[in-house]
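Structural characterization, general
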Amino acid sequence: MSDLAIQGLTVMRSGRAVLRDATAVLRGARRTVLWGPSGAGKSTLLGAIAGLVEPTAGTIRIGEDVLFSSSGLVSVAPHLRRIGFVFQDLALWPHLRALEQVRLVAAAAGENDGDARVKAVESLSAVGLGGLERRRPGELSGGEQQRLALARALAGRPEILLLDEPFSSVDGATRRTLRALLRELSPRIPGPTLYVTHDPGDVRELAEDILELEGGLLIPRGSPEELGL
Amino acid sequence: MRKGHRAASLVWVGVCLSAAPLVAMVGRLGSNAGRLDMGAFGNGLVFALAGAGVAVVLGSSAALLAGTLDFPFRRLLTAAMALPIAAPPAFWWIGLSHLPGPLRTAHGLLPASLVAGWSLAPVPFLLTLAAVREIPGAAYDAARVALGPGVRLRRVLIPLARSGTAAGFLLAAILLLRESEIPFLFGFRTTTTEIVTQFARSFDAGGIAPHVVPLLLTVLALGLAARRPLLAALLAGPRGKRGPARHPAPAASVVLLVVAAPCLLALAGYLAPAVASRAGAWLRIPADATAVATVAEAVVSAWLAVFLGGAAAYVLRSSPGRAALLTSGLLLFCVPAAIWSIGWIELGQLLGGWTAPLVLAHVARLWGLAALGLAAAHSRLPGSLEQAARLVPVSPMRRALVLVLPPLAPSLAAVSVLIAALIFSDRDLASLLLPPGAERLMLDLYLLSANAPAAAVGALAAAVLLAGLVTAFLAVAGPWAVLRWHV
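Note that the structure is predicted; figures quoted are calculated from it, not measured.

Calculation criteria
Residues numbered from 1 in each chain as written. Chains lettered and ligands numbered in written order. Predicted model: local features only at pLDDT ≥ 70, side-chain atom pairs only at ≥ 80, totals over all residues. Heavy atoms only, no water. Helix = DSSP H or I, 4+ residues; strand = E, 2+ residues; numbered from the N terminus. Contact = heavy atoms within 4.5 Å. Lys, Arg positive; Asp, Glu negative; His and termini not counted. Charge placed at Lys NZ, Arg CZ, Asp CG, Glu CD. Buried area = accessible area lost by both parts, 1.4 Å probe. Salt bridge = Lys/Arg side-chain N within 4 Å of Asp/Glu carboxyl O. Pairing = 2+ DSSP bridges. Axes fitted to C-alpha atoms, helices over the stretch in contact; angles between N-to-C directions. Polar contact = N/O pair within 3.5 Å; in protein donor to acceptor, adjacent residues only side chain to side chain. Buried < 20%, exposed > 50% of the residue type's maximum accessible area, 1.4 Å probe, protein only. Patch = residues over 30% accessible without salt bridge, like charges linked within 9 Å, V, L, I, M, F, W, Y side chains within 5 Å. Areas by Shrake-Rupley, 256 points an atom, 1.4 Å probe, with all protein chains shown as cover. Expected span 1.5 Å × (residues − 1). Parallel < 35°, antiparallel > 145°, perpendicular 65-115°, else oblique. Left-handed = near helix turned anticlockwise from the far one by under 90°. Nonpolar A, V, L, I, M, F, W, Y, C, P; charged D, E, K, R; others polar. Phe/Tyr/Trp six-rings, centres within 6.5 Å; stacked < 30°, edge-to-face > 60°. Lys NZ or Arg CZ within 6 Å of the ring centre and 35° of its normal.

**A short note on the overall build of chain B**
Each helix and strand counted, chain B has 25 helices and two strands in total. By principal-axis analysis of the C-alpha atoms, chain B measures approximately 60 × 60 × 45 Å. Counting only contacts in chain B whose residues sit at least 6 apart along the sequence, the fraction spanning at least 24 positions is 86%. Charged side chains in chain B number 35 positive and 16 negative. The centres of these two groups are separated by 15 Å.

Pasting the structure below:
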């Protein structure tokens, strides 16, 4: 199990500090929910952890491995950070079939072609997409697309799983099913699962730990009640 | 008849009228059949396909870099990459051939394909860049997180940008199939050179039919093939975010600099001898009616083409006829200028010896580009903007000029410059349609480059560049002033 340590993280956008000296430790194999108002910098924090946003200052470390350090001039490339990411708009590659989306990521993580294919079939089956391997994203329903995004994020055996409001666009019943799926799958991640949401239901059903992002600072909260939920 | 239907009918009448020279030309083709020169046809195809391949390798690679990476002078280098499209391949080659070294003796198909391919690299560059900037940012981020650079390029970036690359390849091939000057300069024959030389000798449209028909069918087939990827690259859905977030890679600027460098070398090839000659060559620069006519013709034609093509695309913007209009405009643009010229001459004969004004010939050929430009820009506007405009109780004309079209002014200004540049550098229409004795700057440059000293050619090239800049400025100023004046 590896903890994710964020220390003194600052991200500037157009001269404004979106994150300001943000510091937190996210414990491995646990689900942490990140809460905060729109524009607070939640997606920016996820981008910085994934290497998609370059912080101005600070350190990001998973276990003993430094992913980013402004003082040590370290910035590991995004694809080498072993991160699974479910984007808010899912970011499925529109030209690839479901199986190929997952197989590519598994192969990029070091599986040989045959194993990657087997693993992709298993992953799709695990998220309830068995039999839909040959469909492209446009041929899947909203809920199926969410499952595919989750399967793809998990296919690379990630050390950290990041989810940016992934279930915001599905109906209540689908959302409950997807939450159950995430509860089942997230313990397989050795590092933390960080889940950004605006939905109080997500906080109640998914959070093992809670972080609130306020004024660019990360503040640990003990329970949903502390957020006024 | 409703007002909207009347306007749409007028658009289609205009489209049919602009195709009249082709109808006149086709009507004469069966009258005196000869034989197709297969050698020339094969040369033309090889030249076009090889040149388009070079254009795609250079242009699309540069676009993938410029679309996904951030590097020093990115905007400047992007503009430099697009610069060669401002002049025909022959202009750049004449400049390069004035440099000392082995370039002077280059000859044959392969060097010609390299030179022409490089000078048309802006076509796949701009279209691939447009396609890359339409890739959803998160889809590219997902690839950055999950995949290494090679797999990301091969399996995500290239497939998602393929509409731009495919359209760029096909358009470059079409432009090269109708190119006559580069084959003349590199000493080989193509179907287009056969059409130009044989028609100049005989003025018999029937006699060149065996060359015209296969060339016309080839460019129209390529134009139809280009239609789908081109519209896919240009007609995007309105979105908030524009393409992948660029990540820093300073070395990419070197790659773009190398690809764009021949432009500077060509200009040096022109200007160095003229500068070295001190005053002698500069005194021969034309600052007279030729320069004024060249600039005025390009600017007025561009304005008219933008007005007519833009109006047609605006009228049909939300109707099923839009795709047919854009396809018609694209296909008319694909027809080689030499064939257009002969069509206008044939039409003039049918009308009792009438000579078509050059402005009319240019506008009839190029309005489709303006229609494409307006449609591309309009597709990027949020649908709600147009809906909000429809709620405002003003006349349709005022609604268009004040509410809907002003955000499109930069795109229409850009397409106006492109059209003006194509007209400014035209050789085929001007050489066949102008009355004897009339001159244009680019025609003069070609003539002079055949036998005048390098210093004189360089001085004239400087005048051409200066006039080109004035043309570009005026071409931008027209649509910009009309659309921004109301705001």
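Picking up where we left off.
**Here's the deal with the interface of chain B and chain A**
Tallying the contact residues gives 18 residues for chain B and 21 residues for chain A. In total, about 1,600 Å² of surface goes out of reach between chain B and chain A, with carbon and sulfur atoms giving 71% of it. Area buried by chain B at its contact with chain A is led by B:Arg144, B:Val145 and B:Arg155, which between them contribute 38% of it. Between chain B and chain A we count one salt bridge in total. The salt bridge involving B:Arg155 is made with A:Glu100; its shortest N-O contact spans 2.9 Å.

**Focus: the sheet that holds strand β6 (residues 74–75) of chain A**
Residue and element names in this part refer to chain A. The five strands lie next to each other as β2-β1-β4-β5-β6, forming an open sheet whose pairing is antiparallel. Among the strands making up the open sheet, the edge pair consists of β2 (16–26) and β6. As judged from the four bridges shared by strand β4 (residues 57–62) and strand β5 (residues 65–69), these two strands associate in the antiparallel manner. Of the residues in β5, the one forming a bridge with Ile60 is Phe68. Its contacts with the sheet place helix α1 (residues 42–50) against β1 (4–13), β2, β4 and β5, and it is angled at close to 115° to β1.

**Quick notes on the side chain of B:His211**
All names here are of chain B. Within the secondary structure, His211 is located in helix α13 (residues 209–234). Only 3.2 Å separates the side chain of His211 from the side chain of Gln198, close enough to count as a polar contact. Excluding residues that lie within four positions of it along the chain, His211 makes contacts with Arg35, Leu36, Asp37, Thr191, Glu194, Ile195 and Gln198.

**Observations concerning the pattern of salt bridges**
Tallied over the full model, the rule gives 19 salt bridges over all chains. Put simply, A:Glu111 and A:Arg157 hold a salt bridge, and the shortest N to O gap is 3.4 Å. In this pair, A:Glu111 sits in the loop between α2 (98–108) and α3 (113–126) while A:Arg157 sits in the loop between α4 (142–155) and β8 (160–164), placing the two residues 46 residues apart along the sequence. For A:Glu111, a relative accessible area of 19% translates into the label buried. B:Asp37 is the partner of B:Arg189 in a salt bridge, and the nearest nitrogen-oxygen pair spans 2.5 Å.

**Let's talk about the pairing of β1(A)**
Two faces belong to every sheet, and in a regular strand the side chains alternate between them. Residues and elements named next belong to chain A. The pairing of β1 with β2 spans seven bridges and is classified as antiparallel. Bridge pairing in β2 links Val11 to Leu19. Following β1, the chain reverses through two residues before pairing antiparallel with β2; Ser14 in that reversal takes a positive phi of roughly 50°. Sheet topology note: the β1/β4 ladder contains five bridges and is antiparallel. Bridge pairing in β4 places Thr10 opposite Ala57.

**Focus on a positive patch on the surface**
A contiguous patch of positive charge, built from A:Arg117, A:Arg134, A:Arg136 and B:Arg162, is present on the exposed surface. Within the secondary structure, A:Arg117 is located in helix α3.

**Section: helix α3 (residues 38–68) of chain B**
An ideal rise of 1.5 Å per residue puts 45 Å on 31 residues; α3(B) measures up with 44 Å between its terminal C-alpha atoms. One side-chain oxygen of the residue at the start of α3(B) lies 3.0 Å from the amide nitrogen of B:Gly39, identifying that residue as B:Asp37.

**Points about the packing of helix α12 (residues 191–202) of chain B against α13(B)**
Two numbers describe a pair of packed helices, the interaxial angle and the distance between the axes. All names here are of chain B. As a packed pair, α12 and α13 sit with axes 9 Å apart at the nearest point and diverge in direction by 140°. In terms of orientation, α12 lies oblique with respect to α13. Once α12 is placed against α13, the crossing between them reads as left-handed. Contact with α12, carried on its side by Thr191, Thr192, Glu194, Ile195 and Gln198, involves His211, Val212 and Leu215 of α13 and no other residues of that element. A per-class count over the contact of α12 with α13 returns three nonpolar, four polar and one charged.

**Notes on the packing of aromatic side chains**
Residue and element names in this part refer to chain B. For the coordinates displayed, the defined rule picks out nine aromatic pairs over all chains. A connected cluster of aromatic rings, assembled from ring pairs, spans Phe91, Trp92, Trp118 and Tyr270. The cationic tip of Arg178 hangs over the ring face of Phe333; the distance from NZ or CZ to the ring centre is 4.8 Å. In this arrangement the basic side chain of Arg317 is found over the ring face of Tyr314, its NZ or CZ atom lying 3.8 Å from the centre.

What is shown is where atoms sit, not what they do.
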